[in-house]
Protein chains: 2
Amino acid sequence: MVKAAVLGFGTVGSGVVEVLTTNHDSIKERSGADIEVKYVLDLREFPGNPVEKVLVHDFNTIVNDPEVDIVVETMGGLHPAYDFTKAALEAGKTVCTSNKAVVAEFGNELLETAKANGVSYLFEASCGGGIPIIRPLCTSLTGDVIEEVTGILNGTTNYILTKMADDGSSFEDALKEAQANGFAEANPEADIEGHDACRKIAILSSLAYGHFVDFKEVQTEGITKITSDDIKYAKAIGASIKLLATSRRTTDGIYAMVSPKMVAPSDPLFSVNGVFNAIFVRGNMLGDSMFYGSGAGKLPTASAVVGDVVDAAKHLHQTLDMTWRPEKLELLGLGDVTNRFFVRVNGSAEEKLSAIRAIYGDVEVVTVPELSGEFAILTAPMKEAAFAAAAEKTEGFISFIRLNF
Amino acid sequence: MVKAAVLGFGTVGSGVVEVLTTNHDSIKERSGADIEVKYVLDLREFPGNPVEKVLVHDFNTIVNDPEVDIVVETMGGLHPAYDFTKAALEAGKTVCTSNKAVVAEFGNELLETAKANGVSYLFEASCGGGIPIIRPLCTSLTGDVIEEVTGILNGTTNYILTKMADDGSSFEDALKEAQANGFAEANPEADIEGHDACRKIAILSSLAYGHFVDFKEVQTEGITKITSDDIKYAKAIGASIKLLATSRRTTDGIYAMVSPKMVAPSDPLFSVNGVFNAIFVRGNMLGDSMFYGSGAGKLPTASAVVGDVVDAAKHLHQTLDMTWRPEKLELLGLGDVTNRFFVRVNGSAEEKLSAIRAIYGDVEVVTVPELSGEFAILTAPMKEAAFAAAAEKTEGFISFIRLNF
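The structure contained in this document is the topic of the report that follows. (Residues numbered from 1 in each chain as written. Chains lettered and ligands numbered in written order. Predicted model: local features only at pLDDT ≥ 70, side-chain atom pairs only at ≥ 80, totals over all residues.)

## Description of the sheet that holds strand β2 (residues 35–41) of chain A
Residue and element names in this part refer to chain A. Judged by pairing direction, the sheet is parallel, and its six strands sit side by side in the order β3-β2-β1-β4-β5-β6 without closing on themselves. Because the sheet does not close on itself, it has two edges, and the strands there are β3 (55–56) and β6 (121–122). Sheet topology places strand β4 (residues 68–73) next to strand β5 (residues 94–97); four bridges connect them, and they run parallel. Among the inter-strand pairings, E73 is bridged to a residue of β5, identified as T97. (Pairing = 2+ DSSP bridges. Helix = DSSP H or I, 4+ residues; strand = E, 2+ residues; numbered from the N terminus.)

## Thoughts on the sheet that holds strand β3 (residues 55–56) of chain B
Residue and element names in this part refer to chain B. The strand order β3-β2-β1-β4-β5-β6 describes an open sheet built from six strands, whose pairing is parallel. Two strands lie at the open edges of the sheet, namely β3 and β6 (121–122), each paired on one side alone. Pairing of strand β1 (residues 2–7) with strand β4 (residues 68–73), which is carried by five bridges, proceeds in the parallel orientation. What sits directly across from A4, in β4, is I70. Contacts from helix α1 (residues 11–22) reach β1, β2 (35–41) and β4, with the element oriented near 160° to β2. (Contact = placed C-beta atoms within 7 Å. Axes fitted to C-alpha atoms, helices over the stretch in contact; angles between N-to-C directions.)

## Some words on the pairing of β5(A)
Residue and element names in this part refer to chain A. Every second residue of β5 is oriented toward a common face, with T94 and C96 on one face and V95 and T97 on the other, all of them buried. With helix α4 (residues 81–90) bridging β4 and its parallel neighbour β5, the resulting β-α-β unit is right-handed. Across two bridges, β5 lies against β6 in parallel orientation. Within β6, the position partnered with C96 by the bridge is L122. In terms of handedness, the path from β5 via helix α5 (residues 100–116) over to β6 forms a crossover that is right-handed. (Buried ≥ 20, exposed ≤ 12 C-beta atoms within 10 Å, placed from the backbone. Right-handed = clockwise from strand over helix to strand, strands pointing away.)

## Digging into the environment of B:I401
All names here are of chain B. Within the secondary structure, I401 is located in strand β19 (residues 397–403). By the C-beta count within 10 Å, which is 22 here, I401 ends up buried. As for I401 and P268, which are separated by 133 residues in sequence, their C-alpha atoms are 19 Å apart. Sequence-distant contacts of I401, defined by excluding residues within four places in its chain, comprise D230, I241, P260, K261, M262 and F342.

Printed below as a string of C-alpha cells:
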C-alpha cells in the first residue's frame, strides 16, 4: 500500500481523488500499485463530501508523516505551492504536479532538490493536460535529436479561435461565449495573452533540448488582436488560425515563441479544434509526429497526474529521469528567426503591388471580396528583423500574422 | 559504455546502426547512455560498408559474448528471429525488436523468459513504426481504464486508400503505384489482407487491457474489396475509408477486429493520409487521445527501436514493466459486436425503401448521381449477427462497409 496526499481539492485535485478511487482496482491490476489517498489538504471544509474523512488543514500533518511517500500538488499559483513542494521533496517524498507555473519558475531548483533527496519531481499534467507528452519526449524519443516542438497548448484560446472560425464571431463575443461555457476564466489574461502557452513551451523545450529554457525569454504574443476579418483571409487561403507555441532548432540556434499563426490543411495541427490540444514533434530520425487529446478539464488532467503517481509508486525513492540540465539554453534572438508573414495592407493590390514587391520581393496576393479597400500578401520566408523593417516601410500597413508553412 | 548487437542488417537494422551512430553524442548527452554497436549479424557481406568492421555471421559470437548487454532483433520473420531472441534473453541480454510477428506469436513466452532472466523484451517499434505508443500505454495511461484502441496501423493500405480517394483510381492501380513507389511489397498480402494490422492491434490490445490477446482470434478483413465506387459514396457523405484495427471494451466484453471503415470528418483519424499511421486511444478518465506519425520507414522505425535501446541501457539487468498477463483475454464473438453499416443495393431507392426498412428499421439513404441503378443505406447501430441475417434477406445486396461513427 502506497500512501499519497493531495494538496488542494479544487478542480484537478478533486479529479485526482476521483481517478484514484474510481480506477483503484484497475490501477492495481495493471501496475501492481495499490495507492491510497491518506490526506487531502485544503483550507476549506467540504461538509457531506467523502473527502472529509481525509481532509486536513495543516501541511505539517502531511510533510511530517513518514507513511506518505507521494505528494500531489494541485493547488495552482506559485505560493505556497512551491514552498510545500520543496518541503515535501526535502522530506523524501516524490511530488507530482499539474502546476506549470511552479515548474516553469522553479523547475530547475525543484528537480535538483528531488535528485538530492533521491525522489522525483513529476509534471506530466503541466503541459497538454491529459496528453502523454513529457514521458514520450523523455523516454521514447531519446534516440532522436529533436528539431521542433510546436503545440496548440491552450484550450481556451483554441476554443475562441475555433468559435471565431465556425461562427464568424468577433474575438470579444467568442471570449464571452467561452466564459459562459466555462472554457475561459473571468480573468482570461493568462490564456488569451499567451502566458499559459509560454510556460508550457518553455517546459517542453527544456526537456526536448535538454537544457533549461527560461519562459521569461520566450517571445510571447496572444490572440487579442485577431479579428473576424483575419479569419476571412485565412479561409480564403484554406488556412486556420491557431495560437502556436513553438521551439525550433535552426542552424543559427534554438528559438522559442508563442504567437498566432496561419496553419495549412496539410498540417496535422490544422484540424485540432475546440478545447483540444496537440503537440507536434519533429525528430531528425523519427520525422513528424503528433500527440493529440484533451488539453484541460478535470478528469483528463487528473488522469495525467495519476499516470505520474502510478509511476512514482512503482519507483519509490528513486529519481526518475524526466529532467533537463540546469544551465540555461541561450535562445536565438527573435530578429534572427525566419518566418513567412501574412500582411494586410490598405489600398488596392493593383496600385500598390509594385511598391510592395520593392519592399518584400516576390509575394502572393490574397483578396477577400467582402473586404474592399484592402488586400493581403503572403511573404517569402524572411528574418523577423527584416520583416519588422519592411512593415515599417509599408504604406497602409494594417496588421500581420505569421504563417506556419 | 554499453555494448549492443544488431541481428539483421536490412532496412530497419541498418537504420538502427545509423541512428545510434548519427545521434551517438546527443543520446549520450540526453540520456547518459554511451551505446556502441559491437556486432551486426547478417548472412550477407557488405563490401566497402563501414559495417564490415563489426559484421559477424555466427549468432554464437554474440550470445556468448558477456560484454553484449543489448540485442536488437530486426531480422523479420519468425525463425530464427524467435530462437535468437529466446537464446539472447536466456543469456541475460535485453532484446529490443521491431518484429511484430514474433511479438504477436511468441510474446507471452518471451516476456516470461525476459522476466525469469532479469532482463527486458521491448518492442516499441512493432506497432505504429516511429510513433511512441507502447510506452505511453504502459506508463502514462496507467491511471485510466482503456475503453478503446483504434489505429490506422498499416501504411501500405493507408497509402492505397488515400490514392484511391485522391485520384479516383481502382484498388489494383493504386496497389501497383504503391509497389512502384516502394510503399508496398511485391507480395502485398500481409498488408492488404490486414494480417499486419491484426498482429499490431493484438499487441496493443494485450497492453491496453492487460491480458494476452491472441491475434489468431482477431476478426480480420483487408481492403481488397474496396472499389472506386465505394469511395464515391464515402465522399458523398463526407467520409473517408480507412483500414481500422480496433479493440473496444463494451458492457458485453472486449472485442477486436480489423476491417475497412468509413470515418467521419470529426474523427481525428479522418485526415491521417498516405503512409502516416495514427492510434486513437480512449480512456475512461482521459477521454480521447491520438498518437500520429510515421508508421513505417527505415529511420522512423529505427528511432523507435533506439528509444527502447536507450531505455534498456539505462536499466541494464532490470525487467521494464511493459508487459501483459499471459492468461488469454476471451474476446467477444463477432456476432455480438455492435456496428453501423453502409450497404449498397441494386435497384432504385424509391422502389425498394419500404422493403429495406422492413429489414433494417430506420435507415439513411445515400445516392451518387454517377452510380445509377443502385443506392446505399446507412443503418442504425446493430449487432453483427443481426446485420448478417439482414444482408442475407436484402434483395440486390451488393456490398457493405462498417461505419466508425
